[in-house]
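Residue strings, one per chain:
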Amino acid sequence: MKCEILYPGAFPMVRVYLDANETVKAESGAMVAASPSIDIESKMEGGFLGALSRKMLSGEKFFFQTLRAGRGAGEVLLAPTVPGEIVLLELDGVNEYMVQKDGFLAGAEGVKIESKMQSLTRGLLGGEGFFILKIGGTGQLILNSFGAIHKIELKPNEEYIVDNSHLVAWTSTTTYNIEKASSGWIASLTSGEGLVCRFRGPGVVYIQSRNPGSFGNWIRQFIPVSE
Amino acid sequence: MNPTPNALCFGDGLPGAGAPCHVTVSADGLIMVPVGTSLLVEEAIAFTAMSVEAGGLDHDQLVVSWGADASVRTLYLKDPALIIAFRRAAPSSLMAHLERAAEQVRRARHSHRALWGSVVGVVVGLGLMLWFGSDLIVEWAVARIPVQWEQKLGETVYQDFLSKETVLKEGPAVSAVQEMAQRMTAKIPNNPYTFQVSVVQSPVVNAFALPGGYVVVFTGLMKKAESGEEVAGVLSHELNHVLQRHGLERMVKMLGLAAVVGIVLGDQQGVLGLAKQLGMELATLKFGREQETEADVTGIRLLHDARIAPDGMIRFFERLSEKDKERVELFSTHPMSAARAQRLKAELAALPKQAPEPFTFEWKGVQDSLGTSEPKK
Ligand SMILES: [Zn+2]
């Protein structure tokens, strides 16, 4: 699999080249166009309404579909739903990223994805979602953000505080606590009372320059209310 | 060829995400070989020169540090086999430190828990009872959820789902399903729901209902059915899952604690948020056996009230069960056990006889309108 980011900036797209019979996992809905040799493996094993528990354990079914170059090499164009940047990461089998579920765009065949239930306190309070994806394995991982993507590198024990709704991904060598924002932080309305994550290095945290929840609220004020 | 990396090394001048390296345990320490990076050199670290703690997001990584000031290096080991080898080889003095660190983690978690205090205590109690299946509590919690909220929740997921699918807007299949739904919903006394039924183009042989009355029938199911009554049977069963609020019950069970906290504290907004994040998980709810039986029984009665031949569902199942077991999604959520079939038949037999009123559509025509988009096997 080879990837190329087209139109870098706010409205990018990724071109993914697949060798014959190679697959890529893409967020369902991300596919814009593809060569005719690409098949969508949309079979949802175990039936559409298959056991919930299985889904919660593996998490894979609902977040992505598998695209296979089943009838010869070809390419796929993928794009995220929201305007924002795309970043390519190379997984070497030892690094591992926790990804907020809207942040995942696609991953190579060797990339392993599991959805992880947030621990109660983190999940309840965290604006980043009840489920996050834990992504490891080998190969290219493609993430997308709402707005620009910004990388924060943390040295061992170095701390950094991030508004929850701006989180995209972070390496699993970092630890974090969710805290109530002290005054001065702009409370994002979606996460309620303005929650922030205090990260501690070493590791890398990717954040997005726009907050989807706040943006939604901003849009909402222009939509006439019926009733 | 490079060995596969099994650890990440951090420190000044190294990448923020860590430099990949291959670590092995020797008799008196670790040997670190950098993989694919020139920023690090191979190094042997003696047990006596290192300090050890647990770290990483889940505190399941072994963190080894050595050096001083600007040359401090920190290794994160994640591979369980490597960690075991390390624990075996390392002197007990070093491990004592690790055990202390582990103890600290445990204590930190403990004090964290203590913070949540008494409110959580009560809620945890409720939650535990939930997990152990006290249906009374589930029902109690579910009864507290207003229909309006349930609709909001169902609708969100419904719209989200439909936006990703090809929905049939009109045509014989849509009219047929609408007719079935109308005949049935007209016979539901004090119906608080406004049912919405969509036909989705898909080979999936299934149908599902979301809380609040949002029903999806896949064309795959309609193609496999031999009569409108068979589809109506499945539909009636699904409508009754909604009427009995099975989805909500399941969801409360699933979200457990979190939902109960929300409902108890009246924070429905919060629960809604959680449920939204669960997204389509809601549509994949597998109901319990009692819920299935309840939906079967009430479903048959509803068909009877609507003067629709009530044996459609069981006919559909029995006809398909032999050859299509593997490929029919409906079976995975609705296993037709002998007991269930027995119960259905007993219920059918107990119904007073009446002449069913046929549908206005002709089933063959409905099926033909669906075309042959699905390749015949
Ligand atoms: Zn059912």
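Check the entry above for the structure.
Conventions we followed
- Residues numbered from 1 in each chain as written.
- Chains lettered and ligands numbered in written order.
- Predicted model: local features only at pLDDT ≥ 70, side-chain atom pairs only at ≥ 80, totals over all residues.
- Heavy atoms only, no water.
- Helix = DSSP H or I, 4+ residues; strand = E, 2+ residues; numbered from the N terminus.
- Buried < 20%, exposed > 50% of the residue type's maximum accessible area, 1.4 Å probe, protein only.
- Contact = heavy atoms within 4.5 Å.
- Salt bridge = Lys/Arg side-chain N within 4 Å of Asp/Glu carboxyl O.
- Core = buried A, V, L, I, M, F, W, Y, C linked by side-chain atoms within 4.5 Å.
- Expected span 1.5 Å × (residues − 1).
- Phe/Tyr/Trp six-rings, centres within 6.5 Å; stacked < 30°, edge-to-face > 60°.

## So, the overall build of chain A
Working step 1: If you tally the helices and strands in chain A, you get four helices and 18 strands.
Working step 2: For chain A, buried positions account for 53% of its 227 residues.
Working step 3: Within chain A, counting contacts between residues at least 6 apart in sequence, those at least 24 apart form 79% of the total.

## Quick notes on the pattern of salt bridges
Working step 1: All told, the structure shown has 12 salt bridges over all chains when counted by the stated rule.
Working step 2: Ionic pairing is found between D311(B) and R315(B), a salt bridge with its closest N-O pair at 3.2 Å.
Working step 3: D311(B) gets classed as partly exposed once you look at its relative accessible area, which sits at 25%.
Working step 4: A salt bridge links E347(B) to R343(B); the nearest nitrogen and oxygen atoms lie 2.8 Å apart. Note that E347(B) and R343(B) are positioned in helix α14 (residues 338-350) at a spacing of four residues, about one turn of the helix.
Working step 5: Classification of E347(B) by relative accessible area gives buried; the value is 10%.
Working step 6: Connected through shared salt-bridge partners, E4(A), R15(A) and E75(A) make up one network.

## A word on the nonpolar core
Residue and element names in this part refer to chain B.
Working step 1: In terms of nonpolar packing, the biggest core is built from 39 residues, with M180, M184, V217, L221, M222, L235 and W363 touching the most fellow members.
Working step 2: Per-element tally for this core: the top contributor is helix α5 (residues 172-185), with seven residues.
Working step 3: Those residues within four positions of L235 in sequence are excluded, and the remaining contacts are V177, M180, A181, M184, V197, V215 and V217.
Working step 4: With 25 residues, the next largest nonpolar core counts C9, M50, L77 and M95 among its residues.

## Examining helix α7 (residues 228-243) of chain B
Working step 1: Taking 1.5 Å as the rise per residue, α7(B) with 16 residues should run 22 Å; its terminal C-alpha atoms sit 22 Å apart, in good agreement.
Working step 2: The element α7(B) is extensively covered by neighbouring structure, given that 15 of its 16 residues are classed as buried.

## Considerations on the packing of aromatic side chains
Working step 1: Inspection of the entire model under this criterion finds 14 aromatic pairs over all chains.
Working step 2: With 6.3 Å between their ring centres and 45° between their planes, Y97(A) and Y206(A) make a pair best called tilted. Taken together, the residues Y97(A) in strand β9 (residues 97-100) and Y206(A) in strand β18 (residues 203-208) connect sequence positions 109 residues apart. For the pair Y97(A) and Y206(A), one class covers both residues: buried.
Working step 3: Ring plane angle 80° and centroid distance 5.4 Å describe the contact between F47(B) and F86(B), whose orientation is recorded as edge-to-face. Linking F47(B) in the loop between β4 (43-46) and β5 (51-55) with F86(B) in helix α1 (residues 80-89), this pair joins segments that are 39 residues apart in sequence.
Working step 4: With a relative accessible area of 0%, F86(B) lands in the buried category.

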